[in-house]
Amino acid sequence: MLFYLSFGAVGMLLPSAPALAASPRVMLGIDVLASMNFAPLKGKRVGLLTHPAGVNRYGASTIDILRRARGVRLVALFGPEHGIYGDEKADVPVLDRIDRRTKLPVYSLYGKYRKPTPEMLKKIDVLVVDLQGIGVRSYTFKSCMLRAMEACFERGKEIVVLDRPNPLGGLKVDGPPLDAQFKSYVGLFQTPYVHGLTMGELARMAKSTAGMMEITSKQQRAGRLTVIPMRGWTRSMLWPDTGLRWIPTSPAIPSFAAVIGYAMTGLGCQIGGFQHGYGTTYPFRFLTFPSKTPKQLAAELGRYGVRGVSFLPTVAKNSKGKKVDGLYVFADWNTMRPTELSFYMMKSACRLNGGNVFATAPKAKALLFNKHVGSREWWLEISKKGAAADVPRFITKWTAQAKQFQKQSARFYLYK
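Residues numbered from 1 in each chain as written. Predicted model: local features only at pLDDT ≥ 70, side-chain atom pairs only at ≥ 80, totals over all residues. Heavy atoms only, no water.

**Observations regarding the pairing of strand S12 (residues 323–331)**
Where strand S10 (residues 286–287) lies against S12, two bridges are found, and the strand directions are antiparallel. Residue Leu287 lies in a different strand from S12, and its bridge partner there is Leu327. Where strand S11 (residues 309–317) lies against S12, nine bridges are found, and the strand directions are antiparallel. Bridge pairing links Pro313 to Leu327 in S12. Taking the residues that link successive antiparallel strands as the turn, the S11-S12 hairpin has five residues, and the phi of Gly321 there is positive, at about 85°. (Pairing = 2+ DSSP bridges. Helix = DSSP H or I, 4+ residues; strand = E, 2+ residues; numbered from the N terminus.)

**Focus: the packing of aromatic side chains**
If you walk through the whole model with that rule in mind, you get 20 aromatic pairs. With a centroid separation of 6.1 Å and 45° between ring planes, the pair formed by Tyr282 and Phe286 is classed as tilted. According to the relative accessible area criterion, Phe286 is buried, its value standing at 1%. Centroid distance Tyr328 to Phe330: 4.9 Å. Interplanar angle 65°. Geometry classified as edge-to-face. Phe330 gets classed as partly exposed once you look at its relative accessible area, which sits at 38%. The ring centre of Tyr110 lies 4.1 Å from the NZ or CZ of Arg114, which sits over that ring. (Phe/Tyr/Trp six-rings, centres within 6.5 Å; stacked < 30°, edge-to-face > 60°. Buried < 20%, exposed > 50% of the residue type's maximum accessible area, 1.4 Å probe, protein only. Lys NZ or Arg CZ within 6 Å of the ring centre and 35° of its normal.)

**With respect to the sheet that holds S11**
The strands making up a sheet associate through hydrogen bonds between their backbones, and the pairing can be parallel or antiparallel. Spatial strand order, S10-S12-S11: three strands in an open sheet with antiparallel pairing. Every interior strand has two partners, whereas the edge strands, S10 and S11, have only one. Relative to the sheet, helix H8 (residues 294–302) contacts S10, S11 and S12, its axis offset from that of S12 by approximately 25°. (Contact = heavy atoms within 4.5 Å. Axes fitted to C-alpha atoms, helices over the stretch in contact; angles between N-to-C directions.)

**A short note on the pairing of strand S6 (residues 105–108)**
Burial of S6 is one-sided: the residues Val106 and Ser108 facing one way are buried, the residues Pro105 and Tyr107 facing the other way are not. In the sheet, strand S5 (residues 97–98) pairs with S6 via two bridges, with the strands oriented antiparallel. Within S6, the residue paired with Ile98 across the bridge is Pro105. The turn joining S5 and S6, which pair antiparallel and follow one another in sequence, is formed by six residues; a positive phi near 65° is taken by Lys103.

**As for the side chain of Ser409**
Relative to the helices and strands, Ser409 resides in helix H12 (residues 391–409). Residue Ser409 is classed as buried on the basis of its relative accessible area, which comes to 2%. Those residues within four positions of Ser409 in sequence are excluded, and the remaining contacts are Leu197 and Met205.

**Notes on the packing of H8 against helix H9 (residues 340–353)**
Direction vectors running N to C along H8 and H9 enclose 125°, while the axes themselves pass 10 Å from each other. The pairing of H8 with H9 is recorded here as oblique in orientation. Like other packed secondary-structure pairs, H8 and H9 cross with a definite hand, here right-handed. Across the interface between the two elements, Leu297, Glu300 and Leu301 of H8 pack against Met345, Ser348, Arg351 and Leu352 of H9. (Parallel < 35°, antiparallel > 145°, perpendicular 65-115°, else oblique. Left-handed = near helix turned anticlockwise from the far one by under 90°.)

Take a look at the structure:
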């Protein structure tokens, strides 16, 4: 049995039964929807925004599940960055098309438009969102969901978000918040870099937070949002605890190890020369630097004593099968601050280059850096002081801000 709770115009469907005591331990939003016999979608024309990681707990595609569901009319598909099959390159526009497999129209939300147009929404009554995030701010799927919510609320269309786990769990929040001036499709949510929320919780935050959406306050209040929560997920769970198989959310994130690596090294490789192993067997976990040996890098980064992080010189293979020497980064999630290493990597980039590479960065590259990192104050620090930047001061400040964010965002929690 399920019951319905209403929070203003925000709907939330909650399972009253406990999670099934079998592997996988977690029932995803699509599984819960199926257990309801798809009642919220019956008699409606349905659009689906999803990608390859949009699957049920046994790996069946949400596209196929909705196509076969009795009483559900799936009439259109919507694709985020990388497309519905995840085979499009990063930061490359994707075209609308007719899906060769389902014969349904596929509207790209990472091409000419980033937001569904009135014409795209004309033939649907409800838009279902089933997107897997990776727990960090600079990942476009959250922005895609937010723009879809805005479009639906403007046109009087219902939106249903099928919730999925935050692979980094829901307890750890870390890194700089996003300054308003750096909001972009790279990151639209003004959260710390590691935010600790699920996609459904982020949707609830967007619905309830004044000024978060680029629509009128009246449209935001009247918008119809329903989140279908998971069963069996708790905030203490990292992805391996769920019993679910990881499906790449994008070509650069083939594994859960890469998810942690993205949070840990991604920001530190934006400017300065560090490479994080994308294209090797250890994406975001394998550091290299021009003309420096792995041992030299280990000595350089080890001098900062970043807690929960250790290094091992190792060999990886690149996309051409060639062996590459580099530094593998180990992480102790329980003790580490996920983003801390990246800011020491920025200091080291200045030391290893023999000068402040941030002060001389081209404007376009500096802007992209700031869209990811999000902090004007940090940019002023690193671009002026370089290797002398005071990382501990910022870590202390961001840690306090993260705690405050956790308190404020707890009202959007679906899982205590």
